[in-house]
Amino acid sequence: MILYEHFKINSKGHLEIGGCDSVELVEKYGTPLYVLDENKIRENCRAYKNAVKKYFGENGGEIAFASKSLSFKGIYKIIADENLWTDIVSPGELQTAKEAGFPLENAYFHGNNKTDWDIEYGLDNNIGVFVVDNMEEIDVLNQLCGKHGKIQEVLLRISPGIEPETHAKITTGGVDSKFGIAVGTGQALEAAGYILEKKNLNLTGIHCHIGSQIFDVQPLLDTADCMLEFAKDVKNKYNYEIDIINLGGGFGVKYIDSQQSLNIDEGVKAIAEHIKIKCGELDIKTPKIVFEPGRSIVANAGATLYTVGTNKKITGYKNYISVDGSMGDNPRYALYEAPYTIVAANKANEKSEITAAVVGRCCESGDFIQEDVELPDLKRGDILAVLVTGAYNYSMAMNYNRLPRPAMIFVGDGGSRIAIKRETFEDLMRNEI
Ligand code: LLP
């Protein structure tokens, strides 16, 4: 196995994913290719569902999949099948979920700048819960609900002023942030009062998300404290009880050997125990707890397969292995210098001989998939697999240099099926007149 049980090396020395030989997958579907192990996604969903049930009770909690991490029709079908809610952040995600048949009454609608049109579209489609982010949204949502003759359930997004140890570009809970309304300045408490005055809004709870790729549970416990204290303040000031606390996502995932995923069961257990004690201390009822994981549901179910084109050795400098994908299908190194494990999928048992930068085919010097990768001395035609690419790869993919986005397949129990077709030239020019 490499990193996780479901990435195996078979008797031919090939990487195997979901019981499928990666070299055979490449022969069948071509490269670059996103591969998703469906069983692993379901396993991750169940780990969350079971943990919440175990530590918060049958109806004490809920899991909503943060679909910004991976949004396409096939994933919403799995999420619905596993009885998870979802979180959407744009009308495009809403539409994708809708066309997949996802029950939109089980969706949270996020976003720091929902347009009037977005809000109306959400209302037209009976989105379950709006997560209101700012004062303008409170006004517009209330007014449009009036027009639609609706009372809309809302959560208030608060920012607790907690910045976990993760990449600065993926923290979201600081006071100095575009997301939510700050608790520390007193503005969040005012906003809660403002919602309570609105006759078309029903404030059932509060939401918080402090960041992504968090390995330590402590900042999540601190966030829970902040939210529960806020719930107590709301009770004291407005004589109103908050029913739901949505703690966001953020559970960290192992991309390289030196990392350790935040264990889902242990993380949920620690948070549940902490919340129960805190609610006792504050003398408030234990609210329903919602988690909104994205990365930890889909990241480790994914891998991307590429074909090697060149192995350039610069005398006195490093090697460059160029592949037929790019920062266009995985922008995470270019954006965050995110670490990945890369293996030679057709030579997985061969020993490493070179240290190379794995680069893409974009006309851009920063087009790195990864630096300092230990690999066999690869040749044109060899296959590279980048592991743990299920989250924030396809969903952040782009067409720079007019590179069509890769196909995506599901694998499982030795079988494979196409989930998203490879983009064509026609797709690239679809909207051009
Ligand atoms: N809920 C909210 C409101 C969020 O903003 C996010 C992520 C999540 C849930 C899911 O967090 P997760 O469980 O996936 O950590 N593009 C970046 C990640 C940005 C995350 C933004 N918000 C990356 O590639 O690392």
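Keep in mind that this is a model prediction, so the values were computed, not measured. Each chain has its residues counted from 1, following the order in which its sequence is written. Only residues with pLDDT of 70 or above have their local features reported here, since the model is predicted, and side-chain atom pairs are shown and tallied only from 80 upward, although totals for entire chains, interfaces and linings are computed over all residues. Excluding hydrogens and water, the side-chain figures rest on all heavy atoms present in the structure.

1. Here we look at the site of the ligand
Here is step 1 of the chain: Working definition: residue near molecule or strand if any one of its non-hydrogen atoms lies within 4 Å of it. Contacts to the ligand come from 20 residues, most closely from Ser 212, Glu 292, Arg 295, Arg 332 and Tyr 392.
Here is step 2 of the chain: Within the side chain of Arg 295, an N or O atom sits 2.8 Å from an oxygen atom of the ligand.
Here is step 3 of the chain: Side-chain atoms alone can form a polar contact between residues adjacent in sequence; in general such a contact is a pair of N or O atoms within 3.5 Å, and within protein one must be able to donate a hydrogen while the other accepts it. Separating an oxygen atom of the ligand from a side-chain N or O atom of Arg 332 is a distance of 2.6 Å.
Here is step 4 of the chain: All accessibility values rest on the Shrake-Rupley procedure with a 1.4 Å probe; residue burial counts only the protein chains present in the view. Coverage of the ligand by the protein amounts to 92% of the 590 Å² it exposes when considered alone.

2. Considerations on the pattern of salt bridges
Here is step 1 of the chain: The term salt bridge refers to a side-chain nitrogen of Lys or Arg lying within 4 Å of a carboxyl oxygen of Asp or Glu. If you walk through the whole model with that rule in mind, you get 24 salt bridges.
Here is step 2 of the chain: Between Arg 42 and Glu 38 there is a salt bridge; the shortest N-O distance is 3.0 Å. Of the two residues, Arg 42 and Glu 38 both sit in helix α2 (residues 38–56), four residues apart, roughly one turn of that helix. For the pair shown, Arg 42 and Glu 38 are each scored as buried.
Here is step 3 of the chain: The salt bridge partner of Lys 54 is Asp 265, with a shortest N-O separation of 3.0 Å. Residue Lys 54 is found in helix α2, and its partner Asp 265 is found in helix α9 (residues 264–282); the two are separated by 211 residues along the sequence.
Here is step 4 of the chain: Salt bridges linked by common partners bring Glu 38, Arg 42, Arg 46, Asp 81, Glu 82 and Arg 417 together as one network. Runs of E in the DSSP output that reach at least two residues are strands. Runs of H or I that reach at least four are helices, and both are numbered from the N terminus. Any residue under 20% of the maximum accessible area for its type is buried, any over 50% is exposed, and the rest in between are partly exposed; the area is computed with a 1.4 Å probe on protein chains only.

3. A look at the nonpolar core
Here is step 1 of the chain: What makes a nonpolar core is a set of buried Ala, Val, Leu, Ile, Met, Phe, Trp, Tyr and Cys residues whose side-chain atoms join them at distances within 4.5 Å. Ile 41, Leu 156, Val 268, Ile 271, Phe 291 and Leu 384 are the most contacted members of the largest nonpolar core, which has 130 residues in total.
Here is step 2 of the chain: By residue number, the principal contributor to this core is helix α8 (residues 218–238), which donates eight residues.
Here is step 3 of the chain: We call two residues contacting when some pair of their heavy atoms lies within 4.5 Å. Discounting residues that sit within four places of it in the chain, Leu 156 has contacts with Val 132, Ile 181, Ala 188, Ala 191, Ala 192, Ile 195, Leu 203, Gly 205, Ile 206, His 207 and Phe 230.

4. Focus on the sheet that holds strand β2 (residues 15–17)
Here is step 1 of the chain: DSSP bridges decide pairing: two strands pair if at least two such bridges lie between them. Taken together, the three strands give an open sheet; going across it, the order is β1-β2-β3, and neighbouring strands pair in antiparallel fashion. Where the open sheet ends on each side, the last strands, each with one partner, are β1 (7–9) and β3 (20–21).
Here is step 2 of the chain: Both β2 and β3 contribute to a ladder of two bridges, which runs antiparallel. Each bridged residue has a counterpart across the sheet, and for Glu 16 the counterpart in β3 is Asp 21.

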